[in-house]
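# Commentary on secondary and tertiary structure
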Amino acid sequence: MPQLTILHYPDPRLHRVAAPVAAVDERIRRLVADMLETMYAAEGVGLAATQVDVHERVIVMDTSESRDRPLVLINPEIVRRGEELVVTEEGCLSVPAIYDKVTRHAQVTVRALNRDGDTFEMDAEGLTAVCVQHEMDHLVGKVFVEYLSALKRDRIRTRLLKRAREAQKAA
Ligand code: NI
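Conventions used here
Residues numbered from 1 in each chain as written. Predicted model: local features only at pLDDT ≥ 70, side-chain atom pairs only at ≥ 80, totals over all residues. Heavy atoms only, no water. Donors = N, O, S within 2.8 Å, 3.2 Å for Na, K, Ca; no water. Helix = DSSP H or I, 4+ residues; strand = E, 2+ residues; numbered from the N terminus. Buried < 20%, exposed > 50% of the residue type's maximum accessible area, 1.4 Å probe, protein only. Expected span 1.5 Å × (residues − 1). Pairing = 2+ DSSP bridges. Axes fitted to C-alpha atoms, helices over the stretch in contact; angles between N-to-C directions. Contact = heavy atoms within 4.5 Å.

Quick look at the coordination of the nickel ion now. The nickel ion binds to the protein through C92 (SG), H134 (NE2) and H138 (NE2); the donor distances cover 2.1 to 2.2 Å. Donor residues for the nickel ion sit on one chain with the sequence pattern C-x41-H-x3-H. Of the two residues, H134 and H138 are both situated in helix α2 (residues 126-139); the distance of 4 residues between them amounts to about one turn of the helix. Since its relative accessible area comes to 6%, H134 is described here as buried. Look at H138 and you get buried, because its relative accessible area is 0%.

What follows is the structure, given as structure tokens:
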């Protein structure tokens, strides 16, 4: 199974809105397998299809310490949000080595299809709840840096563009 290339901010493809998955078929299962491999290799806790330039509503996550509890969310929908808010230092595989505080709901209930195409509902809290909201943002073309001030966002954009240029020169 191949690892996929992760798009880096400010790539405009990160802002595309993903379409619902029409059928959970072999193609989607292969995508899920490749996304999991890519996420584990990059040591991330979550990855949205948008980040690998596939614009369909697919998310993979693993927020376990042991890194052996993959979670697959296809066509996810948040059906309940708790009132309590929580501020977490977030990072993103598409915004490497940048971390900043984002406010999210502390608890969410999400409904999705699993990789067999069956509907399930899950109550998420803590890191898992934050991760669900972060990854679902990706599916609507939103990167976490958009919650930061314009000044911070511009600095991040400049830093990542510079880094990309240097990487290109080194290659
Ligand atoms: Ni992300």
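A separate point is α2. In this model α2 runs 21 Å from its N-terminal to its C-terminal C-alpha over 14 residues, within 8% of the 20 Å that 1.5 Å per residue would give. Across the 14 residues that make up α2, a large majority, 12, are buried. Here α2 has its buried residues at T128, A129, V130, C131, V132, Q133, H134, E135, M136, D137, H138 and L139. Following α2 by one or two positions, G141 adopts a phi angle in the positive range, close to 80°.

We now examine the sheet that holds strand β2 (residues 58-61). In spatial order, the strands read β1-β2-β3-β6-β7; together these 5 strands make up an open sheet with antiparallel pairing. Two strands close off the open sheet at either side, each with one partner strand: β1 (46-48) and β7 (119-125). Averaged over neighbouring strand pairs, the angle between their axes works out to 40° when direction is ignored. Pairing between strand β6 (residues 107-113) and β7: 7 bridges, direction antiparallel. Pairing of L113 across the sheet is with T119, part of β7. In the packing of helix α1 (residues 26-41) onto the sheet, contacts are made with β1, β2 and β3 (71-81), and the angle to β2 comes to roughly 40°.

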